[in-house]
Amino acid sequence: MTKMFSTVSRFKLGYEQEDVDEFFDHARAVYEGESDEDLTSREIRSAGFDLARGGYDTDEVDAALDRLESAFVARARQEVLVTRGSAGWMEDLAESARSLYGRLGRPDGERFDPARRGEPAYDRDDVDELCDRLVEYFDKTEPITADEIRRARFRRRTGKRGYAEAPVDAFFSRAVEVLLGVE
């Protein structure tokens, strides 16, 4: 069987090959209409694979996931354009953007709920910095791409010193969807 991606040294960690192969085979089947199951761009973005020595190169797989997500978003956009027209697509994007922008209007340090005691969290300054970049994008003063948001890394904090991870992740997932819808 041909490997889908490059592998790392047997002494390094990469993504478990079988898990990745199964996921991409399933995604291909869904995309090509060979499966009755559904797969959304959000599910693609949140795909996680176990690590194994000698596994697939993580950067290569992550880049392929980004391309796959973009393909699914483009297909979803096309489906909406066919059923509701470009006005319907723009209406959906505008509603999502308004929702995101409402969260961005909160002051730095208060945009998301703090993590609970002992709960892993993201550094508030790092998250607020990316939020400020989104404000500039929505205010049409500075560009930003979905890839920049996908690649953002936040320092870790614990408890109330940081933002709870789940709402931050959900927010930026929606931001990626909006940006991919515009790109």
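Scroll up to find the structure.
Since the model is a prediction, treat every value here as computed from it, not as a measurement.

(A) Main features of the layout of surface pockets. As a volume, the largest pocket reaches approximately 890 Å³. Lining the largest pocket are 27 residues, with R45, R150, A152, R153 and D169 positioned closest to its centre. Sorting the residues of the lining of the largest pocket by element identifies α2 (41–45), α3 (58–104), α5 (146–150) and α6 (165–182) as the ones contributing at least two each. Top element by residues in the lining of the largest pocket is α6. It accounts for six residues. When grouped by side-chain class, the residues that make up the lining of the largest pocket number 13 nonpolar, three polar and 11 charged. Both of domain 1 (1–84) and domain 2 (106–182) provide at least three residues apiece to the lining of the largest pocket.

(B) Geometry of the pattern of salt bridges. Scanning the entire structure with this criterion turns up 14 salt bridges. R133 is the partner of E148 in a salt bridge, and the nearest nitrogen-oxygen pair spans 2.9 Å. One end of the pair, E148, is in helix α5; the other, R133, is in helix α4 (residues 124–138), with 15 residues separating them in the sequence. Through salt bridges that share partners, D66, E69, D147, R150 and R151 make up one connected network.

(C) A look at the nonpolar core. With 26 residues, the main nonpolar core has V127, L134, F138, I149, V168, F171 and F172 as its most contacted residues. Broken down by secondary-structure element, the contributors of at least two residues to this core are α3, α4, α5 and α6. For this core, the leading source of residues is α6, giving eight residues. Residues contacting V127, with those up to four places away along its chain left out, are F112, Y122, F154, Y163, V168 and F172. If you look at the next biggest cluster of nonpolar residues, it comprises 16 residues, including F5, A27, L39 and L65.

The rules we used
Numbering of residues begins from 1 in every chain and follows the order in which that chain's sequence is written. Local features are withheld for residues below a pLDDT of 70 in this predicted model, meaning they are given only at 70 or higher, and side-chain atom pairs are given and counted only at 80 or more; totals for whole chains, interfaces and linings count all residues. The side-chain values count all of the structure's non-hydrogen atoms but skip hydrogen atoms and water molecules. Using a grid of 1 Å spacing that covers the protein atoms alone, one calls a set of points a cavity when a 1.4 Å probe fits there but cannot get out, and a pocket when the set is open and has protein on both sides within 12 Å along at least five of seven lines; lining residues are those with an atom within 4 Å of a point. Grid points are joined across faces, edges and corners, and a volume is the space filled by probe spheres set on the points. Helix and strand definitions follow DSSP, with helices as H or I runs of at least four residues and strands as E runs of at least two, each counted in order from the N terminus. Gly counts as polar in this scheme, as do all residues outside two lists: the nonpolar Ala, Val, Leu, Ile, Met, Phe, Trp, Tyr, Cys and Pro, and the charged Asp, Glu, Lys and Arg. Where each domain begins and ends follows an automated or database-derived domain assignment. By convention in these notes, a salt bridge is any Lys or Arg side-chain nitrogen within 4 Å of a carboxyl oxygen on Asp or Glu. Nonpolar cores are built from buried Ala, Val, Leu, Ile, Met, Phe, Trp, Tyr and Cys residues. Side-chain atoms within 4.5 Å join them into one set. Three labels apply to residues, based on accessible area from a 1.4 Å probe with only protein chains included: buried if under 20% of the type maximum, exposed if over 50%, partly exposed otherwise in between. Residue contacts follow a heavy-atom distance rule, with two residues in contact if any of their heavy atoms lie within 4.5 Å.

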